[in-house]
Amino acid sequence: MPKKKYKYIDLFAGIGGFHQAMDALGGKCVFACDIDEDCRKTYEVNYGLKPAGDITKIDAHDIPEHDVLCAGFPCQAFSKAGKRLGFDDETKGTLFFDICRILEYHKPKYALLENVRNLASHDHGNTWRVIHDRLEKLGYNLLSEPVIFSPHYIGIPQHRERVYIMCVRKDIGEVAPFEFDKRKIKPCSIEDILQNDSDIPNIEEYRVPKEMEQLIDLWNEFLQNIKVDKLPGFPIWTDRLCELNKNEDLSQYPSWKQNFIHKNNELYRNNKKFIDKWLVRAKKNPLFFGAKAKLEWQAGNVDIPNIWNQIFQLRPSGIRVKMNSFFPALVAIVQTSIIGSRRRYLTPRECARLQSFPDTFKYDIKQAQAYKQFGNAVNVDCVKIFAKHLLK
Ligand SMILES: C[S@@+](CC[C@H](N)C(=O)[O-])C[C@H]1O[C@@H](n2cnc3c(N)ncnc32)[C@H](O)[C@@H]1O
């Protein structure tokens, strides 16, 4: 780690996950940009630096000199025509192209990039190949495979596997192989990031509404009364808890869907008496329709299933119940997790903690924006690990 302050730039800066980490390691941010105005406001409030806007409109010449380029960029498919027709740059028209353009102009010593896990396999590996080859061509050493890492590997209760790409300018050195022994992963506890309910000023806003509570109680009753060897690992679709309709041609559906229909039907046939009665009562709950009439139990096989002991989310595919050891990845769209034991949603402060932002961080006062911004952010402690590894 350089003793003197090093300068870095924060592209696609969001609310500054990189900024938090790089500053903590002695860096000074000399430039940031993000196209989203709300993110820019949050960034300025917290760091006293006003980010520029759309990267595609920014001339590399207008960006100050820096030692490290940081970027958590959107994953986009690259042009196949590039390869086929011999274009010298397959990245044109993508935001990765803008990163390359800045690297080419400034030639900083290091670059640290982050992306979704899918980047490693996106477009049958073509996306990673293009990124790797392009960075190499620009004069950087990098590992041949992207490193996949998640906060839950280091005790932070969020499952968020992301790809980290560390680059060192060729005249400076190599990137040391990154070793992480997954067998050493310790169990996480969601309690580590939860606020005391008594410390949440507007707690009522986060509580599960009464009708939703009743709906969850209904689902608990269902799970606790069906006779099964193992709790269903397939999604329970209540509109399929019935006799098969002989006039319906199931072959019109893809095979995975046919399989789930048959499994639901089997569950029904083995529990017909209970389910018929339960369905009559369930249908009286005004929330029992669409996604809320479906359940995905992903919390393992327990003796007495109880959704209130787990974490759950309302997803378009149904109510998804997960084990309560860590949260699923925060996402930009609003599908905020519910902490069963607290009968409430995660608060924005808890989302900040899941992304390892300090409690002094001032999040957007518009709640939907705050959730979105944390859902888009990079985990600060994960960035620290890769920045240390890269700059050591
Ligand atoms: C995955 S998020 C990165 C979040 C950031 N690393 C953080 O910790 O908050 C991607 C960001 O890219 C921004 N973005 C998308 N297109 C952009 C563009 N053309 N110019 C600048 N920023 C852009 C989005 O607004 C979003 O905030």
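Residues numbered from 1 in each chain as written. Predicted model: local features only at pLDDT ≥ 70, side-chain atom pairs only at ≥ 80, totals over all residues.

### Some words on the overall build of the protein
A tally of regular secondary structure across the protein gives 11 helices and 15 strands. Dimensions of the protein along its principal axes, counting C-alpha atoms only, are 75 × 55 × 40 Å. The buried share of the protein, reckoned over its 392 residues, is 37%. Nonlocal contacts in the protein, meaning residues at least 24 apart in sequence, comprise 68% of its contacts between residues at least 6 apart. (Helix = DSSP H or I, 4+ residues; strand = E, 2+ residues; numbered from the N terminus. Buried ≥ 20, exposed ≤ 12 C-beta atoms within 10 Å, placed from the backbone. Contact = placed C-beta atoms within 7 Å.)

### What to know about the environment of glutamate 211
Tracing the backbone shows glutamate 211 in helix H6 (residues 210–225). By the C-beta count within 10 Å, which is 13 here, glutamate 211 ends up partly exposed. Residues glutamate 211 and asparagine 285 lie 74 residues apart in sequence; the distance between their C-alpha atoms is 7.3 Å.

### Observations concerning the domain arrangement of the protein
Examined at the domain level, the protein breaks down into domain 1 (6–184 + 379–391) and domain 2 (196–346). Spacing between the C-alpha centres of domain 1 and domain 2 amounts to 38 Å. Listed per partner, the contact involves five residues of domain 1 and six residues of domain 2. When grouped by side-chain class, the residues that make up the side of domain 1 that touches domain 2 number one nonpolar, three polar and one charged. (Domains from an automatic or database assignment. Nonpolar A, V, L, I, M, F, W, Y, C, P; charged D, E, K, R; others polar.)

### Concerning the site of the ligand
In the vicinity of the ligand there are 21 residues, among which Phe12, Gly14, Gly17, Gly72 and Ala377 approach most closely. Residue classes in the shell around the ligand are distributed as 12 nonpolar, six polar and three charged. (Near = placed C-beta within 6 Å.)

### A word on helix H11 (residues 380–391)
A rise of 1.5 Å per residue sets the reference length of H11, with its 12 residues, at 16 Å; its end C-alpha atoms lie 16 Å apart and thus fit the reference within 8%. Within the span of H11, buried status applies to Val380, Cys382, Val383, Phe386, Ala387, Leu390 and Leu391. Along the axis of H11, the buried positions cluster into a sector of 155°, meaning they face one direction only. Residues of H11 that are buried in the fold lie against helix H1 (17–24), strand E4 (110–116), strand E6 (147–149) and strand E8 (162–169). (Expected span 1.5 Å × (residues − 1). Arc of directions from axis to C-beta.)

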